[in-house]
Every structure is written in structure tokens, then in C-alpha cells.
Amino acid sequence: MYRKSELLNRWFVILSLLLAIKSGAVKAQTQYQIPKHEVNLNLANTLIIASVEVGYKYFIDYDQSLGVRLLINERRNFRHKKSEDKYNTQAVRLDYSYYFGRDNPGSGFYIQPMIKYRFGDFKETKTLDWGQKVKRKTDMNSFIAAIGVGYEWNISNSFVFGPFVNIGRNFSKEVKNRFSMFEFNAGFDIGYRF
């Protein structure tokens, strides 16, 4: 039969262990708290081709996010723009990201399937063999399915940055006839999580 003081000591030890485990779990949760929101900008496209890409991501888990991106003055691929050529295109993109990094939430290498809808037109001036200049307009309205990969560094669950590339399949016959069926895009995102 246990004495009263021995029983109290055992209860004290059990209670102390439970509190230690609970405080460790709380500390682990705050250390790896999942960010819920991210706003980002494709800095490379803004500086190089004057195309603005701003996005928003919502984190559904430690390693997964859903995103939407608005592309203003969107360009099809990286191509030299002649002074007579003019893109008048915008696009909206929806994506899903799966991150393989384990150090911080939403970090490391990621894979990103996406869909995009572009609207607008492309105007160009072509010089024919005999020197005559002809203006041509291409309807750029199109649906695009793509897959991308990238890498994201996560600083203190607040600031993120990293490169990405993606390749997409264009489903517009007019765009495919003027350019090609496939489109390539790359950039360097900077963002803030909260």
C-alpha cells in the first residue's frame, strides 16, 4: 500500500511530464506555424519586359497552396519586340503548388500545375518581299494549361523569393498558327507571407 506522500509524488511526476509534453507541442506549433497568405510579384518580368505579374497564394497545408495571378501587359514567351509590334494582352492564372522542402512551410523545390486564360490582341507590321508594309492583328484570346517548377527560399515565414520556369500548351488555333502550340515562361518571384 502506497503512503499518501508517495501517491502525491507520483501524481506530481505524471502531471509534470504531461505539462512538459504539452509545452513542447505548443512550441513546435509556433515554430512551424503554417502561413495562410502570400502576395508576390514576378520581379524579372517587371524589369526586363515591362510585364506586371502579381499573385496571391492561400496555404491549405504546410506544403500546399492554391494561387491566383494577374498578368498585366502579358507577353507570349520571351521574344525580341520590334518597335512596330504591340501586345495588348492581359491574363488570369490559377495554380496549385506542392512544396518538397521541410525546413520551413512552403519552401524548397516545388511543382506547380496551372491553367491560364489570356485575352487581348497582338498587332504587328510585316514587310513583304517587295518592301510593302502590312499591318497584321492576331486575336490572343486563349486557354492555356501548363506545368511549372521552381524553388522558394522562406525567410522567417515572412519573406520569400526564388526562380521558376513553366511550359504551357496553348489551345487557340489562331495563336498556334501565328506563333506555336507551346509557350515558355520564367521569372523570379519576391513575396511576403502573413
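Up top you'll find the structure we're talking about.
Let me sum up the structure you'll find in this document. Keep in mind that this is a model prediction, so the values were computed, not measured.

So, how was this worked out
Residues numbered from 1 in each chain as written. Predicted model: local features only at pLDDT ≥ 70, side-chain atom pairs only at ≥ 80, totals over all residues. Heavy atoms only, no water. Helix = DSSP H or I, 4+ residues; strand = E, 2+ residues; numbered from the N terminus. Buried < 20%, exposed > 50% of the residue type's maximum accessible area, 1.4 Å probe, protein only. Contact = heavy atoms within 4.5 Å. Salt bridge = Lys/Arg side-chain N within 4 Å of Asp/Glu carboxyl O.

**Focus: the overall build of the protein**
Part 1 of the reasoning: Counting its regular elements, the protein contains 3 helices and 9 strands.
Part 2 of the reasoning: Walking the protein from its N terminus toward its C terminus, one meets helices and strands in the order α-β-α-β-β-β-β-β-β-β-α-β.
Part 3 of the reasoning: The burial tally for the protein puts 37% of its 194 residues in the buried class.
Part 4 of the reasoning: Look at the contacts in the protein between residues 6 or more apart in sequence, and 57% of them connect residues 24 or more apart.

**Notes on the pattern of salt bridges**
Part 1 of the reasoning: The final tally for this structure, using the stated rule, is 12 salt bridges.
Part 2 of the reasoning: Where Lys-57 meets Glu-152, a salt bridge forms, and the shortest distance between an N and an O atom there is 3.4 Å. Of this pair, Lys-57 sits in strand E2 (residues 52–61) while Glu-152 sits in strand E7 (residues 142–155), placing them 95 residues apart in sequence. In this structure, Lys-57 and Glu-152 share a single accessibility class: buried.
Part 3 of the reasoning: Asp-121 is the partner of Lys-137 in a salt bridge, and the nearest nitrogen-oxygen pair spans 3.8 Å.

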